[in-house]
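Breakdown of the fold
One-letter residues, chain by chain:
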Amino acid sequence: MKYITLYNNVKMPQLGFGTYHIDPMVVEYWVTEAFKVGYRLIDTAQSYYNEECVGEAVKNCGIDRSEIFLVSKIWISNYGYERAKASIEKSLERLQTDYIDLMLLHLPYCDYYGAYRALEEAYRAGKLRAIGLSNFTPNQFIDLAANVNINPAVNQVETHVFCQQIEAQKYMRECDIQIMSTGALADGREDLFTNPILEGIAQAHGRTVAQVALRYLTQRNVIIVPKTITPERMVENFSIYDFELTPEEMDRIVALDTGKTRYDPTSPRIVKMFMGTREWYV
Ligand SMILES: NC(=O)c1ccc[n+]([C@@H]2O[C@H](COP(=O)([O-])OP(=O)(O)OC[C@H]3O[C@@H](n4cnc5c(N)ncnc54)[C@H](OP(=O)(O)O)[C@@H]3O)[C@@H](O)[C@H]2O)c1
């Protein structure tokens, strides 16, 4: 396993297991399976309604808590200082832990400055080992990083071979923020798995297209949390550190970047859609 060192010296596994879109009824089972394969980073969120299930898996897995890296996210209905503060306590309770390794603000809407102050306070109190953002565009995270006391350590944004975030990653580096991917496999869209360039590179290494797509991101220092509820794929996605893409292969994959996100967080249509979730109880 490769680790990424955050600016505050916290070491974070570069490869983890994503839990979005998994029926909460079976999340505990799949997180336990992921632990057996060797995953130690688990990505959850208040809005996935599965923090309790992740907490149960952590409690029962027999692995020391210090070896596990938990990531969660505050939903926008819990933004503002007071609500975010209370929701961090609820997440700790649901995850049955004294600390969360990395807590993110899920989206750049509503009173995220108030919510960020609650993150800072919980960080100072040792309840969060690192704090950060998700779905923040460069203009938003540059602004926020310049106006808070504790720098965000991570920004989780849509990143995969068709949406590589090369420019955004450059700005994150300048702000001492590590890039973490959502949808590292483009959410399983078939055009990724049948892409001729990826297929050619995969064949040359005796690997799968998924492994090449994930390996590419890790060679660009992206933190990834692919999701799967297929046992063989769970092993496949974890087995990407024993081969290396050449600079020429990396360049060929760079050419796949469309520069387009599926869910542009600045699009008025998307903002309107998320405003409909401001009253969610999470
Ligand atoms: N912060 C945010 O706003 C945000 C947004 C989206 C996602 N995320 C995080 O990022 C994680 C990953 O993103 P995601 O779940 O959207 O999508 P993803 O990991 O890009 O793709 C998951 C899809 O790919 C399939 N798959 C996985 N491994 C495969 C392989 N080796 N070969 C072929 N197909 C494979 C899965 O199918 P099966 O499960 O059927 O195997 C599933 O349909 C999430 O679980 C979540 O933790 C965060």
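Up top is the structure these notes are about.
These figures come from a predicted structure and were not determined experimentally.

Conventions used here
- Residues numbered from 1 in each chain as written.
- Predicted model: local features only at pLDDT ≥ 70, side-chain atom pairs only at ≥ 80, totals over all residues.
- Heavy atoms only, no water.
- Helix = DSSP H or I, 4+ residues; strand = E, 2+ residues; numbered from the N terminus.
- Rg over C-alpha atoms; globule rule 2.2 N^0.38 Å.
- Buried < 20%, exposed > 50% of the residue type's maximum accessible area, 1.4 Å probe, protein only.
- Contact = heavy atoms within 4.5 Å.
- Areas by Shrake-Rupley, 256 points an atom, 1.4 Å probe, with all protein chains shown as cover.
- Polar contact = N/O pair within 3.5 Å; in protein donor to acceptor, adjacent residues only side chain to side chain.
- Near = heavy atom within 4 Å.
- Axes fitted to C-alpha atoms, helices over the stretch in contact; angles between N-to-C directions.
- Parallel < 35°, antiparallel > 145°, perpendicular 65-115°, else oblique.
- Left-handed = near helix turned anticlockwise from the far one by under 90°.
- Right-handed = clockwise from strand over helix to strand, strands pointing away.
- Pairing = 2+ DSSP bridges.

**Observations concerning the overall build of the protein**
Summing up its helical and strand segments, the protein has 12 helices and 9 strands in all. Taking 2.2 N^0.38 as the reference for a compact globule, 282 residues should give roughly 19 Å; the C-alpha atoms of the protein span a radius of gyration of 18 Å, in line with that estimate. In terms of its C-alpha atoms, the protein occupies a principal-axis envelope of roughly 55 × 45 × 35 Å. Looking at the protein residue by residue over its 282 residues, the buried ones come to 55%. Considering only contacts within the protein whose residues lie at least 6 apart along the sequence, 75% involve residues at least 24 apart. When the accessible area of the protein is evaluated, it comes to approximately 12400 Å², of which 51% is carbon and sulfur surface.

**Quick word on the environment of Y216**
Considering the arrangement of structural elements, one finds Y216 in helix α9 (residues 209-219). Sequence separation between Y216 and F69 is 147 residues; the distance between their C-alpha atoms is 23 Å. Among all residues touching Y216, those that are not within four sequence positions of it are V161, Q164, L245, M250, I253 and V254.

**A word on the environment of T261**
Relative to the helices and strands, T261 is located in the loop between α11 (247-254) and α12 (268-275). Each C-alpha atom, one on T261 and one on Q165, is 9.0 Å from the other, the two residues being 96 residues apart in sequence. A polar contact of 3.3 Å, which involves the side chain of T261, links it to the backbone nitrogen of D264.

**Description of the site of the ligand**
Around the ligand, the surrounding shell holds 28 residues, and the nearest of these are D43, L185, T228, T230 and R233. Taking Y20, its main chain carries an N or O atom lying 3.0 Å from an oxygen atom of the ligand. In this structure, an oxygen atom belonging to the ligand sits 2.5 Å away from a side-chain N or O atom of D43. In isolation the ligand offers 900 Å² of accessible surface; the protein chains occlude 86% of this area.

**Looking at the packing of helix α8 (residues 196-205) against α11**
Packing of α8 against α11 brings their axes to within 10 Å, and their N-to-C directions diverge by 160°. When the interaxial angle is binned, α8 and α11 end up roughly antiparallel. Crossing hand, α8 versus α11: left-handed. Touching I197, L198, I201, A204 and H205 of α8 are E249, R252 and I253, all from α11.

**Quick notes on the side chain of Q14**
As for its placement among the helices and strands, Q14 is situated in the loop between β2 (11-13) and β3 (17-18). One polar contact links the side chain of Q14 to the main-chain carbonyl oxygen of T218, over a distance of 3.0 Å. With residues up to four places along the chain from it excluded, the contact list for Q14 reads M1, K2, Y3, I4, T218, N221, V222, I223, I224 and Y241.

**Side note on the pairing of strand β5 (residues 69-74)**
Where burial is concerned, most of β5 is hidden: 6 out of the 6 residues are buried. Along β5, one buried face is formed by F69, V71 and K73 and the opposite face, lined by L70, S72 and I74, is buried too. Once the chain exits strand β4 (residues 41-43) it traverses helix α2 (residues 51-60) before rejoining the sheet at β5, and the crossover so formed is right-handed. In the sheet, β5 pairs with strand β6 (residues 102-105) via 4 bridges, with the strands oriented parallel. Each bridged residue has a counterpart across the sheet, and for I74 the counterpart in β6 is L105.

**Thoughts on unusual backbone geometry**
Of note, the phi angle at Q96 is positive, near 55°, even though the residue is not glycine. Along the chain, the position of Q96 falls in the loop between α3 (81-95) and β6. The exposure class assigned to Q96 is partly exposed, which follows from its relative accessible area of 39%. Located in the positive-phi region is N135, a residue other than glycine, with phi close to 65°. Summarising the element assignment, N135 is placed in the loop between β7 (131-134) and α5 (138-146). N135 sits in the buried class, given a relative accessible area of 18%.

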